[in-house]
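What the coordinates show
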Amino acid sequence: EDDGCRRVYVGEPCGLTPALINRLAHDAGAYVPSASSGLQVDMNADFVSLHCIIPGHYDFRLPRTCTVTNLKTGRTVRTEGRVLPLDLVAGETRWYGLK
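These numbers come from a predicted model, not from an experiment.

**What about the overall build of the protein chain?**
Regarding its fold elements, the protein chain presents 1 helix and 7 strands. N-terminal to C-terminal, the α/β element order of the protein chain is α-β-β-β-β-β-β-β. Within the protein chain, the fraction of its 99 residues that count as buried is 25%. When contacts within the protein chain are restricted to residue pairs at least 6 apart in sequence, long-range pairs at least 24 apart make up 51% of them.

See the structure below:
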C-alpha cells in the first residue's frame, strides 16, 4: 500500500491472469460470483449469462437472495441460499433470470 492506494505490480509477460484478477477483486471486497476463474460471466440486475471455459462444478454466488429461472426451460432452478450450484462442460452457455 502506498499513501492509501493499493498497487499491484506484475513482473512477467501474461502474468495478469483471470485467476489473479479474480483474487484481486475478491481481496478488494468486490462482488465475485465464483471462486474460480473458469466461467465467463455477463450480468445485470435481472439477467445472468454464463459461459463455461473450464469444465467442472461451480458454486455461483448470487448477488442477492432471489428466485432463479432458467430462461431456456422457463423452470425455477434450485438454489442453496445465495448459491446456485452448477455442473458445466466446456463451451456450455446458460442464461438465467433473477427475481
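**Remarks on the pattern of salt bridges**
For the structure shown, the criterion picks out 4 salt bridges. Note that D46 and R64 form a salt bridge whose closest N and O atoms lie 3.5 Å from each other. With a gap of 18 residues between them, D46 in the loop between β1 (39-43) and β2 (47-52) and R64 in the loop between β3 (56-61) and β4 (68-70) connect regions that are remote in the sequence. A relative accessible area of 29% places R64 in the partly exposed class.

**A few points about the packing of aromatic side chains**
In this description, a pair of aromatic rings is defined by centroid distance and the angle of the planes. Summed over all chains, the structure comprises 1 aromatic pair. Centre to centre, the rings of F47 and W95 are 5.7 Å apart; their planes meet at 70°, and the pair counts as edge-to-face. Note that F47 is positioned in strand β2 and W95 in strand β7 (residues 93-98), a separation of 48 residues in sequence.

**Section: the pairing of β2**
Direction of pairing for β1 relative to β2: antiparallel, over a ladder of 5 bridges. Each residue of the ladder has a partner; that of L39, found in β2, is C52. Hairpin geometry of β1 and β2 is characterised by an intervening segment of 3 residues between the two adjacent antiparallel strands. One ladder, built from 5 bridges, connects β2 with β7; its direction is antiparallel.

**A word on the environment of V8**
Mapped onto the elements, V8 comes out in the segment before α1 (18-27). In this structure V8 comes out as partly exposed when scored by relative accessible area, which is 45%. Separated by 16 residues in the primary sequence, V8 and L24 place their C-alpha atoms 8.9 Å from one another.

Each value, and the rule that gives it
Residues numbered from 1 in each chain as written. Predicted model: local features only at pLDDT ≥ 70, side-chain atom pairs only at ≥ 80, totals over all residues. Heavy atoms only, no water. Helix = DSSP H or I, 4+ residues; strand = E, 2+ residues; numbered from the N terminus. Buried < 20%, exposed > 50% of the residue type's maximum accessible area, 1.4 Å probe, protein only. Contact = heavy atoms within 4.5 Å. Salt bridge = Lys/Arg side-chain N within 4 Å of Asp/Glu carboxyl O. Phe/Tyr/Trp six-rings, centres within 6.5 Å; stacked < 30°, edge-to-face > 60°. Pairing = 2+ DSSP bridges.

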